[in-house]
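Secondary and tertiary structure notes
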Amino acid sequence: MGATMSAVRDYGLDEDHKWPVPPEGGWTADDLDRLPNLPPHTELIDGSLVFMSPQTYFHMAAMRLLENALLSQVPEDLEVIREMTIKLSKRDRPEPDLMVVPLSALTDVKQTWYAPEDILLAVEIVSEDSEERDSETKPRKYALYGIRHYWRVEEEGGEPVVYAFELDRRTGAYMPAGVFRKQLRLDRPFPLEIDLTVLRRPAPRKAD
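Figured I'd write up the structure that's included with this text. (Residues numbered from 1 in each chain as written. Predicted model: local features only at pLDDT ≥ 70, side-chain atom pairs only at ≥ 80, totals over all residues. Heavy atoms only, no water.)

A look at the overall build of the protein
As a reminder, the rule being used: By definition, any uninterrupted DSSP run of H or I lasting at least four residues is a helix, any uninterrupted run of E lasting at least two residues is a strand, and each is numbered from the N terminus. The classification of residues rests on relative accessible area computed with a 1.4 Å probe and restricted to protein chains. Under 20% of the type maximum is buried, over 50% is exposed, and intermediate values are partly exposed. Should any heavy atoms of two residues lie within 4.5 Å, those residues are considered in contact. Per-residue and other accessible areas follow the Shrake-Rupley method at a 1.4 Å probe size, with only the shown protein chains counted as cover for residues.
Along the protein, the regular secondary structure elements total three helices and 12 strands. Here the protein holds 208 residues, and the buried ones make up 44% of them. Taking the intrachain contacts of the protein between residues at least 6 apart in sequence as the baseline, contacts between residues at least 24 apart amount to 51%. Accessible area for the protein stands at about 12,300 Å²; split by element, carbon and sulfur atoms hold 50% of it.

Quick notes on the nonpolar core
Basically, it comes down to this: Only buried Ala, Val, Leu, Ile, Met, Phe, Trp, Tyr and Cys residues count toward a nonpolar core, and they belong to the same one when joined by side-chain atoms within 4.5 Å.
Core analysis: the biggest nonpolar cluster contains 29 residues, and Leu66, Leu70, Val100, Trp151, Leu184 and Ile194 have the highest contact counts within it. Among the elements of the structure, helix H2 (57-73), strand S3 (78-82), strand S5 (98-102), strand S7 (121-125), strand S8 (149-156), strand S9 (159-168), strand S11 (183-186) and strand S12 (192-195) are those that each provide at least two residues to this core. If you tally residues by element for this core, the top one is H2, at eight residues. Not counting the four nearest positions on each side in its chain, Ile194 is found in contact with Leu65, Leu66, Ala69, Gln73, Trp151, Lys182, Gln183 and Leu184. Ranked by size, the runner-up nonpolar core spans 18 residues in total, among them Met99, Val101, Tyr142 and Tyr163.

Structural notes on the pairing of S11
Applicable threshold: A strand pair is defined by DSSP finding two or more bridges across the two strands.
Residues of S11 alternate between two faces, with Leu184 and Leu186 buried on one and Gln183 and Arg185 left unburied on the opposite face. In this sheet, S12 lies alongside S11 in antiparallel orientation, the contact comprising four bridges. In the strand pairing of S12, Arg185 is matched with Glu193. Counted between consecutive antiparallel strands, the loop separating S11 from S12 contains five residues.

Looking at the sheet that holds strand S10 (residues 173-180)
We apply this condition: Between N-to-C directions, angles span 0 to 180 degrees; the directions come from axes that are lines fitted to C-alpha atoms, helices contributing only their stretch in contact.
The six strands are arranged S3-S5-S7-S8-S9-S10 in an open sheet whose pairing can be described as mixed. The open sheet has two free edges, formed respectively by S3 and S10, since each of these has just one partner strand. Each strand of the sheet is rotated relative to its neighbour by a mean of 20°, with strand direction disregarded. Bridge count between S7 and S8: five bridges; the pairing is parallel. Bridged to Val123 within S8 is Trp151.

Looking at a negative patch on the surface
The condition that has to hold: Patches here: salt-bridge-free residues with over 30% relative accessible area, like charges joined within 9 Å, nonpolar side chains (Val, Leu, Ile, Met, Phe, Trp, Tyr) joined within 5 Å. One side-chain nitrogen of Lys or Arg within 4 Å of one carboxyl oxygen of Asp or Glu is enough to make a salt bridge. Asp and Glu count as negative and Lys and Arg as positive, but His and the ends of the chain are not part of the count. Lys charges are placed at NZ, Arg charges at CZ, Asp charges at CG and Glu charges at CD.
Together, Glu128, Asp129, Glu131, Glu132 and Glu136 give the surface a local cluster of negative charge. Look at Glu132 and you get exposed, because its relative accessible area is 55%.

Notes on the environment of Thr85
This is how it is decided: Under the rule applied, a polar contact is a pair of N or O atoms within 3.5 Å (in protein, one hydrogen donor and one hydrogen acceptor; residues adjacent in sequence only if both atoms are side-chain atoms).
Looking at where Thr85 falls in the secondary structure, it is placed in strand S4 (residues 85-86). Between the C-alpha atom of Thr85 and that of Thr112, which follows or precedes it by 27 residues, the distance is 6.8 Å. Here Thr112 takes part through its backbone oxygen, which lies 2.9 Å from a polar atom of the side chain of Thr85.

Observations regarding the pairing of S5
Of all five residues that make up S5, four are buried, and the element is covered over most of its length. Two elements, S3 and S5, share five bridges in a ladder whose sense is antiparallel. Along S5, the bridge assignment pairs Val80 with Val100. With three bridges connecting them, S5 and S7 associate as antiparallel partners. Across the sheet, the residue bridging to Leu98 is Val123, located in S7.

Right under this line is the structure:
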């Protein structure tokens, strides 16, 4: 109780604020569309709600760079999706930073999720609080549900490094498809060339 009250005060909430209390067995994927007042970009992992920390400049800039590059090179029968969820199972509904899906997967303007069989590529840009999820939990689940390509993007010296993986259908596990610094070149899931050095960096502040 004390920890809950402390959290309420720390976040500037009214003392009568009620945090979401999971039902027996945990939340389900469909609950994300029904629960009121969830923070933006809430995910569901193993029946537990996962809240996103404030976005860093690197995360935003890397996502913009990759999204624009994908949009400029994606075949006409595919679409690039930003910050929407995949309904993997009853208790798993993660939200990749970017996805590539076939146009046929777009079924409604009010659509809030995609099925794993529709995901050609899932991209996660690693934040400090998501390192374990993006390196272990999510790729394991993405591979289990047959998502063919996965990129994990990390920051190194202010620039993005892309770790690309492709699903081995014989083993059901991801196999490394390359580690890309400065320049990304891949033939799958479709021919791609991305200059990773053009990420715009904040200008250094001048001393007073």
